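# Per-entry structural report
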Amino acid sequence: MPPAKDNRKRPNNRGDKAAPNGQPQKRAISRGEAIRAQKRNAEDATRIASQYLDADSKSGGGEQQRRANFIDDSPRLKIIGLGGMDGGGSKNTILVEYKNDVVIIDCGSDLGVDLPGINYGIADMSYLDSVKHKLRAYIITHGHLDHIGGLPHMMPLYPAPVYGSRFSIGRVEEIFQNFGLPMPDGFELKTVAMNENTHERLKIGEFTLEFVRITHSIPGSTCVVLDTPVGRIINTGDFRLDPNPLDHERSDTERLIELGREGVLALLSESTTSERPGRTPSESTIEQSFIDIMENSPGRCFMAMFSTNVNRIQMIINAASHHGRKIALDGRSMVSTLEMAVRHGFVRIPKGTIVPIASVASMKDEQIVVVSTGCQGEPNSALQRMASGDHKHIKLKPQDTVVLSSTPIPESGNDALVGNMVDDLMRKGVHVYRHETRDLDGCGPLHVSGHASIDEYKEMIQMTQPKFFIPIYGSYRSKQRHIEAAVEEGIPRKNTINAENGEVIALDGNKMEIAGVAPHGTILVDQTGAIVSNIVVKDRLMLSQEGLVAVVLTVDKKSGQLMTSPDIISRGFIYMKDQEELMNAFRAELKRAVSQRFKRIDLDRFKAELREHVTHFLYEQTGRSPIVIPVVNVIGGAKVGGQNMKPTGQQGQNRPNVGGAKPQGQKSPEQEAAELQERFAKMRAKLLNQDARVD
């Protein structure tokens, strides 16, 4: 008895149905369905890229549309978060406006943008186009990139002096020096360093500015106090109330209490970690951990941390000196920031402690500590290159010890980067100390947050006693949690606002409300510092999802037939050498399309129909919808061997030949045809690029 027939549908190795003759069998899919599938891919890419739209894209383009949502000429104080009011606090940029004066508090970058080829995002400052004549100053709370990273892009377009603490100004000067693109002719960086310890006050237009010392994870951190004709506002910047910082520069709580007694109209308080209970431990609690780890490490020690955490670097230097070890610095930002910190007196290094990274290989293992960047697993950072074995001077070995003195940045998605790097380190036999596993490793704490916990946020409200409360620099949920804490501290709920980016908060002495929406959005920047269009990002996303297919056809203008077999180029779609059946069927479809439609319609319409036809065919055969680029070379003119070989558009009429003599410099049709064939062959070779993925 013959075996029962197996009626189950089995896919071939391409995932397509196979016909009895071995040729690809079309699915019952209409052209409209294929086009809709490609449209869905485009919509998916648009949805992802739309998280980072600029102001023009948000409004649909046009100057009038960009400004139509916000018209307010009343003499009220306006506060506009152009960045920093979402996403965990990034590209922090807050504009304060009163009549004819505008200042910008912070101008940061968003380092958490996860798009192809994008390095970071900055706030779209299109609103400044209408008020740039009012701009008086950029005011910096502290020197982290999410608060100053946008300055090299914005200041050349909207120039004004930068005000900040001495360390913050040093950081601003540092990022301008290291910026990858040249500044425009005539641009001059103007900075004003103010003393946050003496309560120095400066007049800026209608505003009076004062900085108040606050503790954070970088020196020179300050609260911004801005006295305005409407009332006093305080922007806390990023902060924690550390009772025992290493540099002994405690938060100036006495001045904050004094300002609160004098009267504060509005408190703009950072909200990054408002969902964390209690209080943040002091930075000083981790110093002993570094001493103990170095004492118990048999070989080299590698300490990875943020280059701006100068106090922690000082702890490492102190611990290394205690054990008689030398320090090698690795990572461009680490070296640059530490040089600036030493120059301004924020770090003290014993003479002879620092050695070049190139000399580490020749030193005894127990004599060296390497302080590097890469605690977040950043691609191409110093520690990441060591973990992957690509570092120029360092080859890790089993007796080495690596300490990650950080935790992944909230909302950044760095957890996977850090995890993969730790895996690579452990594959090399290296012992890795992390703050998250300190109890398992039997060591003390290795990291404390630079941000306050909820009890400290409440204490800030208690000290300043504001009439109105505006949470800033945080996600919507963390800002809402902060509002609940403010209500617990006695601020009426009607006097609080959880504002989004772009919303215009208008205040007078008695009322706070949302008065409109200013143009806002995100400008995307690549690794060179150049601006990248959102349209380009959408194309990159579509390419990353489905790939690209380019079809190159050479058509005889007179006969309307293909002169050569179609050239097909695939990138990120399929490997063509493994898909011979599909490619043969594809070429047959292209030949049929040319013979049936080329001479019946104009060239532009033919290319549009060809794109749809190819999209339909590929979706039928593979269920995928790549970007399709048709290239049609139309050849026509002088005849050689029955073929029309002069390109369309080239003059094909011969000059009169008097007496049968060949005019000087004129080429015969055979010569022209031969040259044309040679040019076409070169063009074809250039298009195909001799790549194995091209059939």
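Residues numbered from 1 in each chain as written. Predicted model: local features only at pLDDT ≥ 70, side-chain atom pairs only at ≥ 80, totals over all residues. Heavy atoms only, no water.

## A word on the packing of helix H9 (residues 287-296) against helix H10 (residues 310-322)
Definition in use: Note on method: axes are straight lines fitted to C-alpha atoms, helices fitted across the in-contact stretch only, with angles between N-to-C directions ranging 0 to 180 degrees. Helix and strand labels come from DSSP, where a helix needs a run of H or I of at least four residues and a strand needs a run of E of at least two; each type is numbered from the N terminus. Roughly parallel means an angle under 35 degrees; roughly antiparallel, over 145; roughly perpendicular, 65 to 115; everything else is oblique. The sense of a crossing depends on the near helix, which, turned anticlockwise from the far helix by less than a right angle, makes the crossing left-handed and, turned clockwise, makes it right-handed. In what follows, residue pairs with any heavy atoms lying within 4.5 Å of each other are defined as contacts. The nonpolar class holds Ala, Val, Leu, Ile, Met, Phe, Trp, Tyr, Cys and Pro. Asp, Glu, Lys and Arg form the charged class, and all remaining residues, Gly among them, are polar.
The interhelical angle for the contact between H9 and H10, taken along N-to-C directions, is 40 degrees, at an axis separation of 9 Å. The pairing of H9 with H10 is recorded here as oblique in orientation. In the crossing of H9 with H10, the sense of the turn from one axis to the other is right-handed. Counted together, Glu287, Phe290, Ile291 and Met294 of H9 and Arg312, Met315, Ile316, Asn318, Ala319, Ala320 and His322 of H10 form the full contact between these two elements. Here the residues of the contact of H9 with H10 are counted per class, giving seven nonpolar, two polar and two charged.

## Focus on the sheet that holds strand E21 (residues 503-507)
To keep things clear, this is the line we draw: For two strands to count as paired, DSSP must find a minimum of two bridges between them.
The eight strands are arranged E8-E7-E6-E3-E2-E1-E21-E22 in an open sheet whose pairing can be described as mixed. With partners counted over all chains shown, the strands left at the sheet margins are strand E8 (191-194) and strand E22 (512-517), one partner each. Adjacent strand axes in the sheet meet at a mean angle of 25 degrees when their direction is disregarded. In this structure, strand E2 (residues 93-98) lies alongside strand E3 (residues 101-105), joined through five bridges in antiparallel fashion. Among the inter-strand pairings, Glu97 is bridged to a residue of E3, identified as Val102.

## A closer look at the side chain of Arg171
Selection rule: Under this definition, polar contacts are N or O atom pairs within 3.5 Å; protein pairs additionally need one hydrogen-donor-capable and one acceptor-capable atom, and for neighbouring residues in sequence, both atoms have to be side-chain atoms.
Positionally, Arg171 belongs in helix H7 (residues 166-177). Of note is the side chain of Arg171, whose polar atom sits 3.5 Å from the side chain of Thr337. Residues in contact with Arg171, not counting those within four places in the same chain, are Gly143, Leu145, Ile148, Ile218, Thr308, Thr337 and Met340.

## Examining the pairing of strand E7 (residues 162-165)
What counts is decided by this rule: Place the viewer so that the strands point away; then a crossover is right-handed whenever the path from the first strand over the helix to the second strand goes clockwise.
As paired strands, strand E6 (residues 135-139) and E7 are joined by two bridges and run parallel to one another. For Tyr138, the partnering residue across the bridge sits in E7 and is Val162. Pairing geometry for E7 and E8, over four bridges, is parallel. Bridge pairing links Val162 to Thr191 in E8. Taken together, E7, H7 and E8 constitute a β-α-β crossover, and its handedness is right-handed.

## Section: the layout of surface pockets
This is how the line gets drawn: Lining residues are those with an atom within 4 Å of a point, where the points come from a 1 Å grid over the protein atoms alone and group into cavities, where a 1.4 Å probe fits but cannot get out, or pockets, open sets with protein on both sides within 12 Å along at least five of seven lines. Grid points are joined across faces, edges and corners, and a volume is the space filled by probe spheres set on the points.
The computed volume of the second largest pocket comes to approximately 520 Å³. Forming the walls of the second largest pocket are 28 residues, and the residues nearest its centre are Pro219, Gly220, Asp247, Glu249 and Phe346. Contributing elements (two or more residues each) for the lining of the second largest pocket: H7 and H10. Take the lining of the second largest pocket: its biggest share by element is three residues, from H10.

## Notes on the pattern of salt bridges
What counts, and what does not: A pair is scored as a salt bridge if a Lys or Arg side-chain nitrogen falls within 4 Å of a carboxyl oxygen belonging to Asp or Glu. Think of it in three bands: residues with accessible area under 20% of the maximum for their type are buried, residues over 50% are exposed, and the middle band is partly exposed, with areas taken using a 1.4 Å probe on protein chains only.
Tallied over the entire structure, the rule returns 27 salt bridges. Of the charged contacts in the structure, one is a salt bridge between Arg232 and Glu262, with a shortest N-O distance of 2.9 Å. In this pair, Arg232 sits in strand E12 (residues 232-235) while Glu262 sits in helix H8 (residues 253-262), placing the two residues 30 residues apart along the sequence. What makes Arg232 buried here is its relative accessible area of 12%. Taken together, the salt bridges that share partners define one network made up of Arg201, Glu210, Asp227, Arg232, Arg255, Glu258 and Glu262.

## Let's talk about empty space enclosed by the protein
Inspection of the entire model under this criterion finds one cavity of 30 Å³ or more. By volume, the largest cavity is sized at about 40 Å³. In terms of lining, the largest cavity is formed by Cys375, Gln376, Leu404, Ser406, Thr407, Pro408, Val418, Arg434 and Glu436. Taken together, the residues of the lining of the largest cavity break down into four nonpolar, three polar and two charged.

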